[in-house]
Amino acid sequence: MGKGPLEVFKFGCYIAIPIFMTAAFVTNPDRLAAIIKNRAYVVYPPEAERPPNFEELVELRRKGKKD
């Protein structure tokens, strides 16, 4: 029937549009930085105080036994 050319066109669009959009954003670093800054999906909270590591825990336990 007549679906062949339409399918070729759709497949061409599926392939070409991402390639052209990638080329458009990567060639302009300022635009890419603005998009990344605008689309910050994950915003991490400020880093809190870290828990003691193994050596510090062992030292705390030794101090607790001496008291």
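Residues numbered from 1 in each chain as written. Predicted model: local features only at pLDDT ≥ 70, side-chain atom pairs only at ≥ 80, totals over all residues. Heavy atoms only, no water.

**Overview of the overall build of the chain**
- Summing up its helical and strand segments, the chain has 3 helices and 0 strands in all.
- For 67 residues, the compact-globule formula gives about 11 Å, and the C-alpha radius of gyration of the chain, at 28 Å, lies well above that figure.
- For the C-alpha atoms alone, the extent of the chain along its principal axes is close to 90 × 35 × 15 Å.
- With 67 residues in all, the chain has 0% of them scored as buried.
- In the chain, 11 positive and 8 negative side-chain charges are present, and the distance between their average locations comes to 7 Å. (Helix = DSSP H or I, 4+ residues; strand = E, 2+ residues; numbered from the N terminus. Rg over C-alpha atoms; globule rule 2.2 N^0.38 Å. Buried < 20%, exposed > 50% of the residue type's maximum accessible area, 1.4 Å probe, protein only. Lys, Arg positive; Asp, Glu negative; His and termini not counted. Charge placed at Lys NZ, Arg CZ, Asp CG, Glu CD.)

**Thoughts on a nonpolar patch on the surface**
- Taken together, Phe11, Tyr14, Ile15, Ile19 and Phe20 make up a surface patch of nonpolar side chains, about 620 Å² in accessible area.
- Here Phe20 shows up in helix H1 (residues 3–26).
- For Phe20, a relative accessible area of 60% gives the class exposed. (Patch = residues over 30% accessible without salt bridge, like charges linked within 9 Å, V, L, I, M, F, W, Y side chains within 5 Å. Areas by Shrake-Rupley, 256 points an atom, 1.4 Å probe, with all protein chains shown as cover. Salt bridge = Lys/Arg side-chain N within 4 Å of Asp/Glu carboxyl O.)

**Things to note about the packing of H1 against helix H2 (residues 29–38)**
- Two numbers describe how H1 lies on H2: the axes approach to 6 Å, and their chain directions differ by 100 degrees. Between H1 and H2, the crossing angle belongs to the class labelled roughly perpendicular. Judged by residue contacts, Ala24, Phe25 and Val26 of H1 engage Pro29, Arg31, Leu32 and Ile35 from H2.
- When its residues are assigned to classes, the contact of H1 with H2 shows 6 nonpolar, no polar and 1 charged. (Axes fitted to C-alpha atoms, helices over the stretch in contact; angles between N-to-C directions. Parallel < 35°, antiparallel > 145°, perpendicular 65-115°, else oblique. Contact = heavy atoms within 4.5 Å. Nonpolar A, V, L, I, M, F, W, Y, C, P; charged D, E, K, R; others polar.)

**Quick word on the confidence of the model for the chain**
- Residues with a pLDDT of 70 or more make up 96% of the chain, whose mean pLDDT is 86.
- Element-level mean pLDDT values for the chain span from 85 in H2 up to 91 in H1. (pLDDT = per-residue confidence, 0-100.)

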